[in-house]
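Listed below, chain by chain, are the residues.
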Amino acid sequence: SEAFDRFNLEKRGRIGYHELNVRALGFALSVWWAAKWAALRRKLAAELLPTLVRGNAYWTVVQTVNFRFVPPQCMVLFGNLASCVWTTYLCIVANRAAGDSPHEHGR
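Because the structure is predicted, anything quoted here is derived from the model rather than measured.

J.: Tell me about the overall build of the protein chain, and name the residues and values.
T.: Within the protein chain, the secondary structure is distributed over two helices and zero strands. Counting over 107 residues, the protein chain shows a buried share of 7%. Split by element, the accessible area of the protein chain, about 9300 Å² in all, is 67% carbon and sulfur.

Here is the structure:
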C-alpha cells in the first residue's frame, strides 16, 4: 500500500506539471493567434475585395470562352489551364505584396 501511495503522489506530480505546461502553451498560443488574427483581418480588408473583383472578371471571360468556343472534349483541359494561370497570378501578386523577390534572397 505504501508503494501504491507513492505511485499516486508521483503520478499526481507529473499530471500537475503537465497541466501547467498545457496552460502555459495555451496562453502563448492565444497571444500568438491574437496577433495573427489582427494581421489576417488587415490583409483581408485590404486585399479581399480587389481579388474577388479580378477573379470574377477573369473567370467570367474564361467560362464564356470555354463554353462558347472550346470543343467539349477540350473543356476540362482549358479549364485546368485557366486555373493554372489564375493560381500563378495569385502567387505573383501575393509575393509582390509581401515584398518577396528572388533578388532579396540571393537566388
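J.: Help me get a handle on the packing of aromatic side chains, residues and values and all.
T.: When we look at a pair of aromatic rings, we describe it by the centre distance and by the angle of the planes. Throughout the structure, instances matching the rule amount to three aromatic pairs. Relative to Trp 59, the ring of Tyr 58 has its centre 5.1 Å away and its plane inclined at 80 degrees; by these criteria the two rings are edge-to-face. Tyr 58 sits in the partly exposed class, given a relative accessible area of 22%. Take Trp 59: its relative accessible area is 26%, and that puts it in the partly exposed class. An angle of 20 degrees between the planes, with centres 5.2 Å apart, marks the rings of Tyr 58 and Trp 86 as stacked. Residue Tyr 58 is located in helix H1 (residues 2–69), and its partner Trp 86 is located in helix H2 (residues 75–98); the two are separated by 28 residues in the primary sequence. With a relative accessible area of 14%, Trp 86 lands in the buried category. Taken together, the ring pairs in this structure connect Tyr 58, Trp 59, Trp 86 and Tyr 89 into an aromatic cluster.

J.: Account for the state of the cysteines, naming residues and giving values.
T.: This model, assessed by the stated rule, comprises zero disulfides. Residue Cys 84 stays outside any disulfide, its sulfur separated by 9.5 Å from that of Cys 91, the closest cysteine. According to the relative accessible area criterion, Cys 84 is partly exposed, its value standing at 49%.

J.: Talk me through the pattern of salt bridges; I want residue IDs and the actual numbers.
T.: Within this structure, the stated rule accounts for one salt bridge. Linking Lys 43 and Glu 47 is a salt bridge whose minimum nitrogen-to-oxygen distance equals 3.1 Å. Residue Lys 43 and its partner Glu 47 are located together in helix H1, separated by four residues, close to a single helical turn. With a relative accessible area of 42%, Lys 43 lands in the partly exposed category.

Rules of the game
Counting restarts for each chain, with residues numbered from 1 along the sequence as it is written. Per-residue local features of the predicted model are confined to residues with pLDDT of at least 70, and side-chain atom pairs are confined, for both listing and counting, to 80 or more; whole-chain, interface and lining totals are unaffected and use all residues. Processing note: side-chain calculations cover all non-hydrogen atoms of the structure and skip hydrogens and water entirely. Only DSSP runs of H or I with at least four residues qualify as helices, and only runs of E with at least two residues qualify as strands; both kinds are numbered from the N terminus onward. Relative accessibility thresholds used throughout: buried, under 20% of the residue-type maximum; exposed, over 50%; partly exposed, between the two (1.4 Å probe, protein chains only). Per-residue accessibility takes into account occlusion by the displayed protein chains alone, with areas from the Shrake-Rupley method and a 1.4 Å probe. Aromatic rings from Phe, Tyr and Trp, taking only the six-membered ring of Trp, are treated as a pair when their centres fall within 6.5 Å; an angle between ring planes under 30 degrees marks them as stacked, one over 60 as edge-to-face, and anything in between as tilted. Two cysteine sulfur atoms make up a disulfide if the distance between them is within 2.5 Å. The working definition used for a salt bridge is a side-chain nitrogen of Lys or Arg within 4 Å of a carboxyl oxygen of Asp or Glu.

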